[in-house]
Amino acid sequence: MQKVLPERYELLIISISSPLLLGVYKEGYLIHTISSELKTSEILLPLLKECMDQYDISTIIYTRGPGSYMAIKLTYIMLKTIEIISGIKCVGCSGFTLNAGAPIKAMGNLYFIKEKKTIITKKYEQPVDVKFTLPQCIQDLELDEESTPDYVLPAV
């Protein structure tokens, strides 16, 4: 008799801007989306628990930067804890891969921009409307070898 393996799912988290976005993927394809305007510190852990209770998550991908430092730190700490306790693999990706390379808010009127392989900050006089989206498929999503946060600190 052939053993039937349980279905495995991946979770993608975009916590570097508002709204917070979570996508559940089955065999690389988006099957469930969660969006919240609440702060990462208030809602991410309950949403992670909800997803982990409902799906057999094998991998969690998160935007490790650049973006909101507090959200990046909190997300990383929560995911690293889950990785250690539950054995769920945690990997990172660049925020630029999920917003078509658009500027990402740093602070004030400074934004992170990617020029070739370098991330710098640039001042914009008018606010830049940045939208992050969960891709329909993550099979070709460029993952970083490193899962630690990518803090790109602007000069103060």
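In what follows, the structure referred to is the one given above.
Residues numbered from 1 in each chain as written. Predicted model: local features only at pLDDT ≥ 70, side-chain atom pairs only at ≥ 80, totals over all residues. Heavy atoms only, no water.

1. A word on the overall build of the protein
Point 1. Of the regular secondary structure elements, the protein holds 2 helices and 8 strands.
Point 2. Listing every helix and strand of the protein by position from the N terminus yields β-β-β-α-β-α-β-β-β-β.
Point 3. On C-alpha atoms alone, the protein measures out to a radius of gyration of 16 Å, which is about the 15 Å that the 2.2 N^0.38 rule sets for 156 residues.
Point 4. Reported as C-alpha extents along the three principal axes, the dimensions of the protein are approximately 65 × 30 × 25 Å.
Point 5. For the protein, the residues scored as buried account for 44% of the 156 residues in total.
Point 6. Restricting the contact set of the protein to residue pairs at least 6 apart, pairs at least 24 apart contribute 64%.
Point 7. Total accessible area on the protein stands at roughly 9300 Å², and carbon and sulfur atoms take up 55% of it. (Helix = DSSP H or I, 4+ residues; strand = E, 2+ residues; numbered from the N terminus. Rg over C-alpha atoms; globule rule 2.2 N^0.38 Å. Buried < 20%, exposed > 50% of the residue type's maximum accessible area, 1.4 Å probe, protein only. Contact = heavy atoms within 4.5 Å. Areas by Shrake-Rupley, 256 points an atom, 1.4 Å probe, with all protein chains shown as cover.)

2. Examining the sheet that holds strand β5 (residues 89-93)
Point 1. With mixed pairing, 5 strands are arranged side by side in an open sheet as β3-β2-β1-β4-β5. Two strands close off the open sheet at either side, each with one partner strand: β3 (29-36) and β5. Direction aside, neighbouring strands of the sheet carry axes that sit 20° apart on average.
Point 2. Bridge analysis of strand β1 (residues 9-14) against strand β4 (residues 57-63) gives 5 bridges, and the strand direction is parallel. The residue of β4 that forms the bridge with Leu12 is Ile61.
Point 3. In the packing of helix α1 (residues 40-54) onto the sheet, the strands contacted are β1, β2 (20-26), β3 and β4, and the crossing angle to β2 comes to about 15°. (Pairing = 2+ DSSP bridges. Axes fitted to C-alpha atoms, helices over the stretch in contact; angles between N-to-C directions.)

3. Observations regarding the nonpolar core
Point 1. Counting residues in each nonpolar core, the largest one holds 22 residues, and the members touching the most others are Leu11, Ile13, Leu22, Leu48 and Ile60.
Point 2. Looking at this core, the element that brings in the most residues is α1, giving 5 residues.
Point 3. Beyond its immediate chain neighbours, meaning those up to four positions away, Ile13 contacts Leu20, Leu21, Leu22, Leu44, Leu48, Ile60, Ile61, Tyr62, Thr63, Thr75 and Leu79.
Point 4. Residues Leu12, Phe132, Leu134 and Ile138 belong to the second largest nonpolar core, which totals 20 residues. (Core = buried A, V, L, I, M, F, W, Y, C linked by side-chain atoms within 4.5 Å.)

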